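What the coordinates show
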Amino acid sequence: MPGRQQSPSRDDHPFHETSRSAGALRMSDPRRYVVVGGGLAGLAASVWLAEAGKQVTLLERRARLGGRTQAMWVGEVEDRPDNGQHVLATGYEHMIRYLTSIGSQDYLEFPHHGALRWPGGRTVIMHTKGFRALRTLMGAHPDASPLDRLRAVRATLRLGRQALRQPPDLADITTDQWLRRVGMPAKAREAVWDWLALGIAAEPVERESAKIFADVVATAIRLGTRERRAVTIGYPTVDLDTLLIDGAKRVFDKFGVDVRYRTVARRVVIESGAVVGVQLADGSRIPADAVICAVPNSRIGGLLDDLPEHSEIYAAADKLGHTPIVSTNLYLDRPLRTKAAMEALIGGTGVIDEVFDRQRMHRRSADGTWLYCLTTSGAYEQINRGNEEIIREQVALLRRYYPEAAQARVVHAHVVKMAQATFSQVVGLDGLRPDQRTSVPTLMLAGDWTSTDWSATMESAVQSAAKAVAALLELPPV
Ligand SMILES: Cc1cc2nc3c(=O)[nH]c(=O)nc-3n(C[C@H](O)[C@H](O)[C@H](O)COP(=O)(O)OP(=O)(O)OC[C@H]3O[C@@H](n4cnc5c(N)ncnc54)[C@H](O)[C@@H]3O)c2cc1C
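Residues numbered from 1 in each chain as written. Predicted model: local features only at pLDDT ≥ 70, side-chain atom pairs only at ≥ 80, totals over all residues. Heavy atoms only, no water.

**Digging into the overall build of the protein chain**
The helix and strand inventory of the protein chain stands at 14 helices and 18 strands. On C-alpha atoms alone, the protein chain measures out to a radius of gyration of 23 Å, which is about the 23 Å that the 2.2 N^0.38 rule sets for 478 residues. C-alpha atoms of the protein chain, sized along the principal axes, occupy 70 × 55 × 45 Å. Burial analysis of the protein chain (478 residues in total) assigns 59% to the buried set. For the protein chain, the share of sequence-separated contacts (at least 6 apart) that also reach a separation of at least 24 residues comes to 70%. For the protein chain, the accessible surface area stands at approximately 19,800 Å², while carbon and sulfur atoms represent 51% of it. (Helix = DSSP H or I, 4+ residues; strand = E, 2+ residues; numbered from the N terminus. Rg over C-alpha atoms; globule rule 2.2 N^0.38 Å. Buried < 20%, exposed > 50% of the residue type's maximum accessible area, 1.4 Å probe, protein only. Contact = heavy atoms within 4.5 Å. Areas by Shrake-Rupley, 256 points an atom, 1.4 Å probe, with all protein chains shown as cover.)

Here's what the structure looks like:
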């Protein structure tokens, strides 16, 4: 398949050495490892600890794994759309390792292009690879003058340089202010930069911290120069459960991971500077010698009460807050004749609007209905509206951008509102994300909101798990 991600070889696996002798290690390490939270961070941590031969118990408060990434059964159309379209980048190196560990690495596609669409249906192909990708970054707008394009080139170079050698005040300004400062022309911003920045941090550029955006740009440049290929955006070719959870369950079965559903952890119990157990909501206690606490910032309160630095972590978790995303899965009675699997609607509802064509992405056979997944990030207004109003708004949006939508009938619509989709990445929050290591060597934190070099993404969640697992594997033998 063109553009398919190369899977890392087994030798690239971070915990390969230990996984080779799993049986022997299980005998030699009597520690009981407990992972709290079965989202992506908790899943990756459990998979990698199990591969390293550890005895693992995974606690998940809900009846299912996956946390904020999940497929949802919609009986009316007998289909399994996701709770929100999730895209990936080739630079998601930990995520790709996780997918390799669970055997899902082939369910990704990194296409050569996406599309930018203006009202009335005017479309520009946005190249994601090679020299043409650079041209897109530097002036994709169809009405950009040669001078605009020249200015965009200069501003893009300035932006890249400042991302790598960041001015000291970058954490105090918004992405909007930064783009103005580097002189990014309005047309280049409209066509590429504003929605790209919003897509990365799920915050409008007027609120988003320039540092968050700069850090991701810097990571992309470093990965690109190290691996000599541009970091591009891709998507799963299957639903999120098939991509992220089914394979993890197979690993759990293979290594005997004890997964406990509907099990709410209340407090990690620490005595004399070491973890001794996890207190549950039902009053019982699970013995533990090492814990990875992989819950989102909104749910950390209370869990770390025994940890000396708990009040700073709780205060940071509160300040990081959250930002909403609204996803609308629209089943139409006809195709929209998209130009690409992923299309960005320029100037939509004022926040980022993306249309994902599931026929192209999943090779979904359109047996009477065509599925289009619309995502609105930074959906501060939409989140308070009723589903019917959201559906009306999204259908009207499609009609403005796709001539084929004029006569289209909505066979079924499915709205997913995620008020706490990710932690917030606005100005003033720099340096708040806590490290995975705590002052107790047997207690680690994980989750997208802990300190990583990515914004609030799946890669951040999985990277945090990799760091937490690596730190636990360094513990001296007991
Ligand atoms: C609509 C939407 C679109 C997104 N789009 C993208 C995208 O395009 N690309 C991208 O990379 N990322 C995207 N993200 C972000 C990504 O989904 C998250 O960053 C990632 O899934 C977070 O994983 P996590 O494990 O850190 O947290 P979570 O997924 O929240 O997992 C935490 C788990 O802990 C459990 N839990 C909480 N408290 C307890 C407790 N006390 N005891 C036991 N269990 C507990 C929860 O039930 C949950 O299962 C999107 C998110 C949303 C919501």
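**A short note on a positive patch on the surface**
Taken together, the side chains of Arg61, Arg62, Arg266 and Arg299 make up a positively charged region of the molecular surface. Relative to the helices and strands, Arg62 resides in the loop between strand S2 (55-59) and strand S3 (88-89). With a relative accessible area of 31%, Arg62 lands in the partly exposed category. (Patch = residues over 30% accessible without salt bridge, like charges linked within 9 Å, V, L, I, M, F, W, Y side chains within 5 Å. Salt bridge = Lys/Arg side-chain N within 4 Å of Asp/Glu carboxyl O. Lys, Arg positive; Asp, Glu negative; His and termini not counted. Charge placed at Lys NZ, Arg CZ, Asp CG, Glu CD.)

**Focus on the sheet that holds strand S6 (residues 123-127)**
The sheet built from seven strands is open, its strands ordered S6-S5-S14-S15-S16-S13-S17 with mixed pairing. Either end of the sheet is taken by a strand with one partner, and the two such strands are S6 and strand S17 (410-422). Geometrically, the sheet is characterised by an average inter-axis angle of 20° between neighbouring strands, direction not taken into account. Here helix H13 (residues 387-401) sits on the sheet in contact with strand S5 (113-117), strand S13 (323-332), strand S14 (342-345), strand S15 (353-357), strand S16 (370-377) and S17, set at roughly 70° to S13. (Pairing = 2+ DSSP bridges. Axes fitted to C-alpha atoms, helices over the stretch in contact; angles between N-to-C directions.)

**Points about the side chain of His412**
You can see His412 is positioned in strand S17. Under the relative-accessibility criterion, His412 is labelled buried at 16%. In this structure His412 touches Val74, Glu76, Val77, Asn329, Leu330 and Tyr331, once residues within four positions along its chain are discounted.

**Brief notes about the sheet that holds strand S12 (residues 290-293)**
The strand order across the open sheet formed by five strands is S8-S2-S1-S12-S18, and the pairing between neighbours is parallel. The sheet terminates laterally at strand S8 (258-260) and strand S18 (443-445), the two strands that pair on one side only. The average undirected angle you get between the axes of adjacent strands in this sheet is 15°.

**Observations concerning the packing of helix H3 (residues 40-51) against helix H4 (residues 93-101)**
Geometrically, a packed helix pair is captured by the angle between its two axes and the distance between the axes. The contact between H3 and H4 brings their axes to 11 Å, and the two run at 55°. It follows that H3 is oblique to H4 by the angle criterion. Crossing geometry of H3 relative to H4 is assigned as left-handed. Residue-level contacts link Leu40, Leu43, Ala44, Val47, Trp48 and Glu51 of H3 to His94, Met95, Arg97, Tyr98 and Ser101 of H4. Here the residues of the contact of H3 with H4 are counted per class, giving seven nonpolar, two polar and two charged. (Parallel < 35°, antiparallel > 145°, perpendicular 65-115°, else oblique. Left-handed = near helix turned anticlockwise from the far one by under 90°. Nonpolar A, V, L, I, M, F, W, Y, C, P; charged D, E, K, R; others polar.)

**Some remarks on the nonpolar core**
Trp48, Met95, Tyr98, Leu116, Trp178, Leu244 and Ile292 are the most contacted members of the largest nonpolar core, which totals 82 residues. Residues contacting Leu116, with those up to four places away along its chain left out, are Arg122, Thr123, Val124, Met126, Ala140, Ala191, Trp195, Ala344 and Ile346. Counting residues in each nonpolar core, the second largest holds 32 residues, with Val268, Val275, Cys293 and Leu303 among its members. (Core = buried A, V, L, I, M, F, W, Y, C linked by side-chain atoms within 4.5 Å.)

**A few points about the pattern of salt bridges**
If you walk through the whole model with that rule in mind, you get 25 salt bridges. Linking Asp239 and Arg80 is a salt bridge whose minimum nitrogen-to-oxygen distance equals 3.1 Å. Pair noted here: Asp239 is in the loop between strand S7 (233-236) and helix H10 (240-255) and Arg80 is in the loop between S2 and S3, with a separation of 159 residues, a long-range link. With a relative accessible area of 12%, Asp239 lands in the buried category. Members of the salt-bridge network, linked through shared partners, are Asp176, Arg180, Arg189 and Asp194.

**Points about the packing of helix H8 (residues 186-201) against helix H9 (residues 210-227)**
Direction vectors running N to C along H8 and H9 enclose 90°, while the axes themselves pass 10 Å from each other. It follows that H8 is roughly perpendicular to H9 by the angle criterion. Across the interface between the two elements, Trp193, Ala197, Ile200 and Ala201 of H8 pack against Ile212, Phe213 and Val216 of H9. Tallied by class, residues from the contact of H8 with H9 come to seven nonpolar, no polar and no charged.

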